[in-house]
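Architecture at a glance
Listed below, chain by chain, are the residues.
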Amino acid sequence: KYTSMGGEGGCVQEIDWEGNVVWEYVNHTPTSCQHHSFWRMKNGNTLVLCWRNHSYEECLAKGRKPELLPKDGIMVRGILHTGLWVSYFIEVTPAGEIVWEWDFWDHFGPDDYHKLDFNYVQPLMATWPDWDHCNNITYNEETDQIATTLRAIGEMYIIDRKSGQISFRWGNPAVYGAGIRPGFADDGDQQLFGPHAPVWTTEKSILLFDNGYLRPLGPRSRALE
């Protein structure tokens, strides 16, 4: 293992009914690792969710506040982590060629609906080495859009694959300055706490699981459309 966060995989395999591996994609190094999720597209390619490690110096240059990033790293479950792991998506052909990539790292910016705040953290996760804990990738062939969720941020996103823009986000408006952050004993305007598993419906709405993780008023799991 190179990380100590839940979801580390490193390999996606297609296995036939006789147990034979007919296809696989491996991404498991000290600086890059497949995790959590994938999606087989109708064109035969596979969308794969991965983490990439960025050094302490890279993170500071990107705008991360030093008080949110221990210079000597942080020990989690027996593994010392320096810098931050940030998620990205790739599209891989059956031959293993990467033909498309979208990286959360490229979308950090100031308070803006279409940008991500590199310094937004939830309580108890201020110095956690996994910045986003993205946990799902779901593709809509008709609209050419990806739905995903970030457990650590408390949001669900729709990403336009062609433009690369975050076209819709929901769950925690305080991240982009449009709502009240949770307090010690209130949820503020945050709606999602540890969201997982967005699924497109035939009506193009999205079903997802709100895990209730780190909710100030107490854990409460629920399904939402």
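Parameters and conventions
- Residues numbered from 1 in each chain as written.
- Predicted model: local features only at pLDDT ≥ 70, side-chain atom pairs only at ≥ 80, totals over all residues.
- Heavy atoms only, no water.
- Phe/Tyr/Trp six-rings, centres within 6.5 Å; stacked < 30°, edge-to-face > 60°.
- Helix = DSSP H or I, 4+ residues; strand = E, 2+ residues; numbered from the N terminus.
- Buried < 20%, exposed > 50% of the residue type's maximum accessible area, 1.4 Å probe, protein only.
- Lys NZ or Arg CZ within 6 Å of the ring centre and 35° of its normal.
- 1 Å grid on protein atoms, 1.4 Å probe; cavity = no way out; pocket = protein on both sides within 12 Å on 5 of 7 lines; lining within 4 Å.
- Points joined across faces, edges and corners; volume = space filled by probe spheres on them.
- Nonpolar A, V, L, I, M, F, W, Y, C, P; charged D, E, K, R; others polar.
- Pairing = 2+ DSSP bridges.
- Axes fitted to C-alpha atoms, helices over the stretch in contact; angles between N-to-C directions.

Two aromatic rings are characterised by how far apart their centres lie and by the angle between their planes. Using the criterion set out here, one finds ten aromatic pairs in the structure. Ring geometry for tryptophan 105 against phenylalanine 118: centres 5.6 Å apart, planes inclined by 80°, an arrangement best described as edge-to-face. Residue tryptophan 105 is found in the loop between β8 (98-103) and β9 (138-140), and its partner phenylalanine 118 is found in the loop between β8 and β9; the two are separated by 13 residues along the sequence. There is no split in this pair, since tryptophan 105 and phenylalanine 118 are both buried. An aromatic cluster is built from Trp105, Phe108, Phe118 and Trp131, whose rings are joined through pairwise contacts. We note arginine 40 situated over the ring of tryptophan 23; from NZ or CZ to the ring centre the distance is 5.3 Å. Here arginine 151 stacks its cationic end above the ring of tyrosine 213, 4.4 Å away from the centre of that ring.

A few words now on the layout of surface pockets. Reported here for the largest pocket is a volume of approximately 210 Å³. As for the largest pocket, its lining consists of Trp39, Lys42, Thr138, Tyr139, Asn140, Glu141, Glu142, Val199, Trp200, Thr201, Thr202 and Lys204. Where the lining of the largest pocket is concerned, the elements lending two or more residues are β9 and β13 (195-200). Here the lining of the largest pocket gets three residues from one element, more than from any other, and that element is β9. Residue composition of the lining of the largest pocket, by class: four nonpolar, four polar and four charged.

Once that is clear, we can look at the sheet that holds β13. Taken together, three strands build an open sheet; the order of strands is β13-β14-β15 and the sheet is antiparallel. Looking at the sheet topology across the chains shown, the edges are occupied by β13 and β15 (222-224). When strand polarity is set aside, the average angle formed by the axes of neighbouring strands in this sheet is 15°. Judged from the four bridges that link them, β13 and strand β14 (residues 206-210) form a sheet pairing that is antiparallel. Paired with valine 199 across the bridge in β14 is leucine 207.

This part takes up empty space enclosed by the protein. This model, assessed by the stated rule, comprises two cavities of 30 Å³ or more. For the largest cavity, the calculated volume is near 70 Å³. Every residue along the wall of the largest cavity is listed here: Arg64, Leu84, Tyr120, Val121, Gln122, Met125, Trp128, Asp130, Trp131, Ala152 and Ile153. When grouped by side-chain class, the residues that make up the lining of the largest cavity number eight nonpolar, one polar and two charged.

What is shown is where atoms sit, not what they do.
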